[in-house]
Amino acid sequence: MGSKAEDFIRAAIGVRYAALSPVALAAVIGTCGALALAHYRALPEIRARVAADSPNPPGGDGWPLVSIVVPARNEEDNLPRLLRSLIALDYPSIEVIVVDDASTDATGAIAERYAADTEGLIRVIHTDGPKPGWTGKTWACWQGAQVAHGMWLLFADADTEHRSGSLRAALQVAREAGASALSLFARQECITFWERLLLPFAYQQYFVGVRPRRLRATKGPALANGQYLLVARQAYEAAGGHAAVAGSIIDDVALARALKRMGYPVLACRGDSLVRVRMYTGLAALAEGFRKNSFPFLRAQGVAGALVVLSTACNAAVPAAVVISALIRSPVALAGALLAYAVQGAALAPWERAFGVRMRYAWLAPLGATVFMLIALSSALRVIAGRSVRWKGRRYSARGMVAPERVPAKAKEARRARSR
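This structure is a prediction, so every number in the text was calculated from the model and none was measured.

Points about helix 6 (residues 166-177)
Here's step 1: Taking 1.5 Å of rise per residue, the 12 residues of helix 6 would be expected to cover 16 Å, and the 17 Å separating its terminal C-alpha atoms lies within 8% of that figure.
Here's step 2: Of all 12 residues in helix 6, nine are buried; the element is thus mostly enclosed.
Here's step 3: Within two residues after helix 6, G178 carries a phi angle of roughly 70°, on the positive side.

Here's the deal with the sheet that holds strand 1 (residues 66-72)
Here's step 1: Read across the sheet, seven strands follow the order 3-2-1-4-8-6-9 without closing on themselves; strand pairing throughout is mixed. Among the strands making up the open sheet, the edge pair consists of strand 3 (122-127) and strand 9 (267-270). Sheet twist, expressed as the average angle between the axes of neighbouring strands with direction ignored, equals 20°.
Here's step 2: Looking at chain direction, strand 6 (residues 181-185) and strand 9 are connected through four bridges and run parallel. Each bridged residue has a counterpart across the sheet, and for F185 the counterpart in strand 9 is R270.
Here's step 3: The strands touched by helix 4 (residues 107-117) are strand 1, strand 2 (94-101) and strand 3; relative to strand 3, the strand with the most contacts, the crossing angle is about 155°.
Here's step 4: Sheet strands touched by helix 5 (residues 136-147): strand 1, strand 2, strand 3 and strand 4 (152-156). Its angle to strand 2, the strand with the most contacts, is close to 140°.

Some remarks on the sheet that holds strand 5 (residues 160-162)
Here's step 1: Strand order in the open sheet formed by three strands is 5-10-7, with mixed pairing between adjacent strands. The strands lining the two open edges of the sheet, one partner per strand, are strand 5 and strand 7 (187-188).
Here's step 2: Bridge count between strand 7 and strand 10 (residues 275-277): two bridges; the pairing is parallel. Residue pairing in the sheet places Q188 in a bridge with V277 of strand 10.
Here's step 3: Taken strand by strand, helix 3 (residues 79-87) contacts strand 5 and strand 10, and its axis lies near 20° from that of strand 5.

Quick look at the pairing of strand 3
Here's step 1: Pairing of strand 2 with strand 3 involves six bridges; the strand directions are parallel. Pairing of D100 across the sheet is with H126, part of strand 3.
Here's step 2: Assessed by its sense of winding, the connection that carries the chain from strand 2 through helix 4 to strand 3 is right-handed.

About the criteria used
- Once a new chain begins, its residue numbering starts again from 1 and follows that chain's sequence as written.
- Totals for whole chains, interfaces and linings use every residue, but because this is a predicted model, local features are given only for residues with pLDDT of at least 70 and side-chain atom pairs only at 80 or more, for both listing and counting.
- Side-chain descriptors were evaluated using all non-hydrogen atoms of the structure, hydrogens and water having been removed beforehand.
- In DSSP terms, a helix is any run of H or I states spanning at least four residues, a strand is any run of E spanning at least two, and both are numbered starting from the N terminus.
- To estimate the expected span of a helix, count its residues, drop one, and scale the result by 1.5 Å.
- Partly exposed residues are those whose accessible area sits between 20% and 50% of the maximum for their type, while under 20% is buried and over 50% is exposed, using a 1.4 Å probe and protein chains only.
- When DSSP locates at least two bridges between a pair of strands, those strands are taken to pair.
- Helix axes use the C-alpha atoms of the stretch in contact, all axes being lines fitted to C-alpha atoms, and the angles between their N-to-C directions lie in the range 0 to 180 degrees.
- Between two residues, a contact is recorded if the distance between any of their heavy atoms is within 4.5 Å.
- Note on handedness: a crossover is taken as right-handed if, strands pointing away from the viewer, the path from the first strand over the helix to the second is clockwise.

Below is the structure:
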């Protein structure tokens, strides 16, 4: 039986191809891994560097009021940690607006309790859920922005935790760079086996497609992380705010595009030492989140998205390369396949370190790549078939996931005024 399998493989793909393809696999994995790391490190890194008693930001006229908008649906486990961190911010002038997005757990009660204990620092808005054409998050963010008083708006996810000096540092960097919008990529917390297996790999593949040098250009790709998006009110309103991206599942990237079209490119930065986040708590949550985001993100990235697909497919192909090389008994092919496996683990190691994950998980990369690719394929098939996706207890149209964002008339008028 083994001989027949060997003969079939040799006849089907050829010995020379079988010997050379694992080497090519290693080359693609290594190149894409190096690109991902270079892209990530090309983003400016922000650290807390402003003294808590500094009366004014450098070059500024005082620390402006910042309204922190927190969209929250069924976040009873995360909300206390976030609110404690926001209360402890050393920033002198903030207001926190928690938008309870029709939660079915104790989210609203927890927010109200913190509001009562902070003497006006925290306000709570309760909604009955989004209107047709909106996602829950875009609706909650929009509702919070409408009642905010700040010159700057910070949209922060409920599963984040902020260091005391984070807001000062972020606003200082935005002002120094002349940016009207700034977004931080937070440190990812990985607790369970599946988080440790999948999140570092997913992050690596995400940055394969990011082109940091083009982000600040007047045209080209746009990028933002919805977990932490700081934007000047003037820019937010000119771009149409979340009303311009009401039905988008990947609202952060869509809003970044809307801001960029209006002349306000988002300054994307690394904020590992300032903010941390735990997005998912297990395989089911990971699958639901990746299924919602992966295909719409890839489609939005265009050619760069194709590179992510190639990188993911090559990483997932490593186990097959090892098995085929062993079946055809080719020392050269087996050496190439093992080289691809070694390159894969080495390329993932920096991400494991960044996420505080033990290095042994890097050698499970083939498993992580395979699971991730299956989830991404599921996402693509859902969109192609027009099926819905589930998120936070709601279902959203797959077609709506990739629909271009709408630009309200108000934003169009602002755009024309800026062009005159």
